[in-house]
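Commentary on secondary and tertiary structure
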Amino acid sequence: MGYSPVASTGTDNTSSALAANNSQQRKTPLVDFIRERKKRHPTSILVTRVGDFYEAIGIDAILLVQYAGLNPMGGKARAGCPIKNIQQTLDDLTESGFSIAVYEEATDTDSSTGRGSNEI
């Protein structure tokens, strides 16, 4: 028997369970992309370029906050830094003994979307 936040709130369990299920179905393509790449690099901190920022989610974001001094984003397990600070962030992480997998957004000429990624 584990902890159930729905059971302890005293709210209607059915509506809370449905809301939780709906929020799980709203995953973004970026989150799906990051999770898939994390399977390829399970022991590395995964950092993905998104526009003018590099971002991480989950445990990788927590490590960015703890070891690179970044601020969490949006009150969730998400952190990032602007492009101009990425080198210092990578230096801080590697000096702490971590390996990092960096994904850059790139134009994909083989796709109708025109977007893709490069592994560095």
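The coordinates are above.
These remarks concern the structure in this document. Model, not experiment: these values are computed from the prediction.

Here we come to the pattern of salt bridges. One pass over the full model with this rule turns up four salt bridges. Residue glutamate 36 is joined to lysine 39 by a salt bridge in which the shortest nitrogen-to-oxygen separation is 3.9 Å. Of the two residues, glutamate 36 and lysine 39 are both situated in helix H3 (residues 29-40); the distance of three residues between them amounts to about one turn of the helix.

Moving on to the packing of helix H4 (residues 59-68) against helix H5 (residues 86-95). Two elements in contact, H4 and H5, have axes whose closest approach is 9 Å; the angle formed by their N-to-C orientations is 90°. Taken together, the axis directions place H4 and H5 in an arrangement best described as roughly perpendicular. Together, Leu63, Leu64, Tyr67 and Ala68 of H4 and Thr89, Asp92 and Leu93 of H5 make up the contact between the two elements. Across the contact of H4 with H5, the residue classes break down as five nonpolar, one polar and one charged.

For the rest of this paragraph, the subject is the nonpolar core. The biggest cluster of nonpolar side chains holds 16 residues, and the ones touching the most others in it are Ile45, Val47, Tyr54, Leu64, Ile86, Leu93 and Ile100. Elements with a contribution of two residues or more to this core: strand E1 (45-50), strand E2 (53-57), H4, strand E3 (78-82), H5 and strand E4 (100-106). Here this core gets four residues from one element, more than from any other, and that element is H4. Discounting residues that sit within four places of it in the chain, valine 47 has contacts with Tyr54, Glu55, Ile86, Ile100, Ala101, Val102 and Tyr103.

Rules used in this analysis
Residues numbered from 1 in each chain as written. Predicted model: local features only at pLDDT ≥ 70, side-chain atom pairs only at ≥ 80, totals over all residues. Heavy atoms only, no water. Salt bridge = Lys/Arg side-chain N within 4 Å of Asp/Glu carboxyl O. Helix = DSSP H or I, 4+ residues; strand = E, 2+ residues; numbered from the N terminus. Axes fitted to C-alpha atoms, helices over the stretch in contact; angles between N-to-C directions. Parallel < 35°, antiparallel > 145°, perpendicular 65-115°, else oblique. Contact = heavy atoms within 4.5 Å. Nonpolar A, V, L, I, M, F, W, Y, C, P; charged D, E, K, R; others polar. Core = buried A, V, L, I, M, F, W, Y, C linked by side-chain atoms within 4.5 Å. Buried < 20%, exposed > 50% of the residue type's maximum accessible area, 1.4 Å probe, protein only.

Function cannot be inferred from these measures alone, as they are strictly geometric.
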